[in-house]
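Working through the structure, step by step
Below are the chains, spelled out letter by letter.
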Amino acid sequence: MSQDSPDIERKTESPTAIYCGVDPTAKSLHLGNLVTLMGLLHFHIRGHQTIALVGGATGSIGDPSGRKSERVPLSRDTLEINVRGIESQIHRFFQNGASYANRRGFSDACQIPKVLNNYDWFSSMTALEFLSDIGRFARVNTMLAKESVKSRIESTQGISFTEFSYQLLQAYDFYYLHKNHACRIQLGGNDQWGNITAGIDLISRKRSMEEEEQLEDMESRAFGITIPLLLTSTGEKFGKSAGNAVWLDESMTSIFDFYQVLKILDSFVFVND
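Since this is a predicted model, take the numbers as computed values, not measurements.

Parameters at a glance
Residues numbered from 1 in each chain as written. Predicted model: local features only at pLDDT ≥ 70, side-chain atom pairs only at ≥ 80, totals over all residues. Heavy atoms only, no water. Core = buried A, V, L, I, M, F, W, Y, C linked by side-chain atoms within 4.5 Å. Buried < 20%, exposed > 50% of the residue type's maximum accessible area, 1.4 Å probe, protein only. Helix = DSSP H or I, 4+ residues; strand = E, 2+ residues; numbered from the N terminus. Contact = heavy atoms within 4.5 Å. Salt bridge = Lys/Arg side-chain N within 4 Å of Asp/Glu carboxyl O. Pairing = 2+ DSSP bridges. Axes fitted to C-alpha atoms, helices over the stretch in contact; angles between N-to-C directions. 1 Å grid on protein atoms, 1.4 Å probe; cavity = no way out; pocket = protein on both sides within 12 Å on 5 of 7 lines; lining within 4 Å. Points joined across faces, edges and corners; volume = space filled by probe spheres on them. Nonpolar A, V, L, I, M, F, W, Y, C, P; charged D, E, K, R; others polar. Patch = residues over 30% accessible without salt bridge, like charges linked within 9 Å, V, L, I, M, F, W, Y side chains within 5 Å. Areas by Shrake-Rupley, 256 points an atom, 1.4 Å probe, with all protein chains shown as cover. Phe/Tyr/Trp six-rings, centres within 6.5 Å; stacked < 30°, edge-to-face > 60°. Lys NZ or Arg CZ within 6 Å of the ring centre and 35° of its normal. Parallel < 35°, antiparallel > 145°, perpendicular 65-115°, else oblique. Left-handed = near helix turned anticlockwise from the far one by under 90°.

Let us now look at the nonpolar core. Side chains of a nonpolar character, in soluble globular proteins, are inclined to be buried together. By size, the foremost hydrophobic cluster in this structure holds 30 residues, and its most contacted members are Leu31, Leu40, Ile90, Phe94 and Leu187. Looking at this core, the elements that each hand over two or more residues are β1 (17-22), α2 (31-44), β2 (49-54), α3 (76-102), β4 (183-189), β5 (223-227) and α11 (255-272). If we skip the residues at most four places from it in the chain, Leu187 touches Ile18, Tyr19, Cys20, Thr36, Gly39, Leu40, Ile225 and Ile227. Ranked by size, the runner-up nonpolar core spans 28 residues in total, among them Val149, Tyr166, Leu168 and Leu177.

If you want it as structure tokens, here you go:
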């Protein structure tokens, strides 16, 4: 949820740009990703510019949110295969989703969704540029207070500098999209709130230094929206890390198994509405 709900409701009364990101840690999206993509689709069919961001760069690091241990690094070849698979799924998702919405009365005069890859802007960035353009605006005490970092610091394994820096990379994604694609909202699961607020803070600090328009200008302010995570009965996330992923690729999860899971979730949603 947004912590400034009245303002974000006013912001979405007229077309704006909103993005949601996913890291290519596998060659397919899973059911947990589908939940946030459905949120993005709702904005798309109502005339907003939606941006699906594939983390070709951040996927090589891995988000520490909700994890007890560091991810096994993926090779560049594996990442490229995963990126292609996920980009293809996202394009198909929006095509099918828009067609479904059109048959139910929504206008087909929607802006074409953008599918971007953050490797495009991170691949040429040097370490010095990272420290100068991103690091100088980060506050370590704020970064340490993030739940994804604090829980790992208090563990026996700790957290690497690489994972500790992940929130800065995602924050820069938001800044880059804000500046170059007029993106004003980031959408994600509620475990992403710390990363989203890091982006909002970076946008505010950099815009203040660049002496752009008033920070309180509604037209240019940045916002965050989170969606409750899809959890198992034991409170675990559905996903690769938990070992219970329900994949959108039918070669990884059969259509029959996928349908059975959806039937269970459908009953759960109606009970909890």
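This paragraph deals with the pattern of salt bridges. Here the structure, examined in full by the defined rule, presents 5 salt bridges. Between Asp7 and Arg10 there is a salt bridge, with the nearest N and O atoms lying 2.0 Å from each other. A residue pair is termed a helical-turn pair when its members lie 3 or 4 positions apart in one helix, as Asp7 and Arg10 do in helix α1 (residues 5-11) at 3 residues. Look at Asp7 and you get buried, because its relative accessible area is 12%. Where Arg152 meets Glu163, a salt bridge forms, and the shortest distance between an N and an O atom there is 2.6 Å. Placement of the pair is Arg152 in helix α7 (residues 147-153) and Glu163 in helix α8 (residues 161-164), with a sequence separation of 11 residues. Residues Arg152 and Glu163 agree in their burial class; the two are buried.

Pairing is parallel in the open sheet, where 5 strands are placed in the order β3-β2-β1-β4-β5. Pairing within the sheet leaves two strands with one partner each, and these edge strands are β3 (114-117) and β5. Strand-to-strand twist across the sheet, computed as the mean angle between neighbouring axes with direction ignored, equals 25°. Relative to β4, β1 runs parallel, the two sharing 3 bridges. When the bridges of β4 are listed, Tyr19 appears paired with Gln186.

So, on to unusual backbone geometry. Unusually for a residue other than glycine, Ala182 sits at a positive phi of about 50°. Assignment of secondary structure puts Ala182 in the loop between α9 (166-181) and β4. We classify Ala182 as partly exposed; its relative accessible area is 41%.

Next up on the list: empty space enclosed by the protein. For the structure on display, the rule yields 1 cavity of 30 Å³ or more. Volume-wise, the largest cavity comes out at about 60 Å³. Lining the largest cavity are Cys20, Gly21, Val22, Leu29, Asn33, Thr36, Leu37, Ala52, Leu53 and Ile90. Listing elements by their share of the lining of the largest cavity, those giving two or more residues are β1, α2 and β2. Partitioning the lining of the largest cavity into residue classes produces 7 nonpolar, 3 polar and no charged.

This part covers a nonpolar patch on the surface. A surface patch of nonpolar side chains, about 250 Å² in accessible area, is lined by Val140, Leu144 and Ile153. Within the secondary structure layout, Ile153 lies in helix α7.

Under the counting rule described, the total for this entry stands at 6 aromatic pairs. Taken together through their ring pairs, the aromatic side chains of Trp121, Phe122, Tyr172, Tyr175 and Tyr176 make up a single cluster. One Lys or Arg, Arg104, reaches over the ring of Tyr100 and ends 3.8 Å from the middle of that ring.

Running from N to C, α2 and α3 point in directions that differ by 50°, and their axes come no closer than 11 Å. Overall, the two elements α2 and α3 adopt an arrangement that is oblique. Our pair here, α2 against α3, has a crossing hand that is right-handed. Only Phe93, Phe94, Gly97 and Ala98 of α3 make contact with α2, whose side of the interface consists of Leu34, Leu37, Met38, Leu40, Leu41 and His44. By residue class, the composition of the contact of α2 with α3 is 8 nonpolar, 2 polar and no charged.

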